[in-house]
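# Geometric and topological summary
Listed here are the chains, written in short residue letters.
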Amino acid sequence: MSTPNKDIEKVEVRLKWDPSSQGEPPNDLDIIAATYPADEPYGDPAYLVHFDSRAPDGTITLNRDSRTGQGLGYDEVMTLELDRISESYSRVVVGVAIQQRDGHKTFAAIENTGVQVREGYLNLAESDFSAVGAATAAVVAEFVRDASGVWRFHDAVRGFDGDADSFAATMGSRPSGR
């Protein structure tokens, strides 16, 4: 369906952090996207996109993956081509999880964290995770397709405590107050 409204078409989620101190286990943060079907937007995700995976139709890809945070600028980048996602999906939730292989680690324990959600040169959202410092994972973006087919962005950083698997299973649950 064609509409004269400008909506969100293609976004990047960019993540950065500093490497751990010498002798410490590496800081490994991961971007995770979950896509939800239109008939059950708060149920189980239809599919997840994270390291070593991509959307079955190629609309969501992790362009850059880091296991240490070493490098300049943003260490992980995920691209979401919302304008190409099938109409059978109406919601995409993006989160960041800290790998917990070497013990419990929170955002407060990792230096210079930052996430940006961008459409072209426009920052839709930016966070340093300070509001969820005690969390081990956080939802950083939610995109919802409305009845006219237009994608809307919801900016809200919500923290979780648990490993990456439990986060991926619950990151799309209905936020309180909605």
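Described below are features of the structure shown in this document. Numbering of residues starts from 1 in each chain and follows the order in which that chain's sequence is written. Reporting in this predicted model follows two pLDDT cut-offs: at least 70 for local features of residues, and 80 or more for side-chain atom pairs to be given and counted; totals over whole chains, interfaces and linings ignore these cut-offs and use all residues. Excluding hydrogens and water, the side-chain figures rest on all heavy atoms present in the structure.

## What about empty space enclosed by the protein?
Buriedness for pockets is judged along seven lines, at least five of which must meet protein on both sides within 12 Å for an open set on the 1 Å grid over protein atoms alone, while cavities are sets there where a 1.4 Å probe fits but cannot get out, and lining residues have an atom within 4 Å of a point. Grid points are joined across faces, edges and corners, and a volume is the space filled by probe spheres set on the points. For the structure shown, the criterion picks out 1 cavity of 30 Å³ or more. A volume near 80 Å³ is recorded for the largest cavity. In terms of lining, the largest cavity is formed by Pro26, Asn27, Asp28, Ile98, Gln99, Gln100, Arg101, Asp102, Gly103 and Lys105.

## What about the pairing of strand 7 (residues 114-119)?
Of all 6 residues in strand 7, 5 are buried; the element is thus mostly enclosed. Pairing of strand 7 with strand 8 (residues 122-127), which is carried by 5 bridges, proceeds in the antiparallel orientation. In the sheet register, Arg118 faces strand 8, and the bridge partner there is Asn123. By this definition, two strands are paired if DSSP reports at least two bridges between them. Put simply, DSSP H or I for four residues or longer makes a helix, DSSP E for two residues or longer makes a strand, and each gets a number counted from the N terminus. Where strand 7 folds back onto strand 8 in an antiparallel hairpin, the turn is made up of 2 residues, including Gly120, whose phi is positive at roughly 60°. Each residue gets one of three labels from its accessible area relative to the maximum for its type: buried under 20%, exposed over 50%, partly exposed in between, using a 1.4 Å probe on protein chains only.

## Here's the deal with the pairing of strand 6 (residues 89-98)
Most of strand 6 is tucked away: 10 of the 10 residues are buried. Bridge count for strand 6 against strand 9 (residues 137-145) is 7 bridges, and the pairing is antiparallel. Within strand 9, the position partnered with Gly95 by the bridge is Val139.

## Focus: unusual backbone geometry
With phi around 55°, Asn112 is a residue other than glycine that occupies positive phi space. Along the polypeptide, Asn112 turns up in the loop between strand 6 and strand 7. Since its relative accessible area comes to 51%, Asn112 is described here as exposed. The phi dihedral of Phe129 falls on the positive side, at around 65°, and the residue is not glycine. Mapping Phe129 onto the fold places it in the loop between strand 8 and strand 9.

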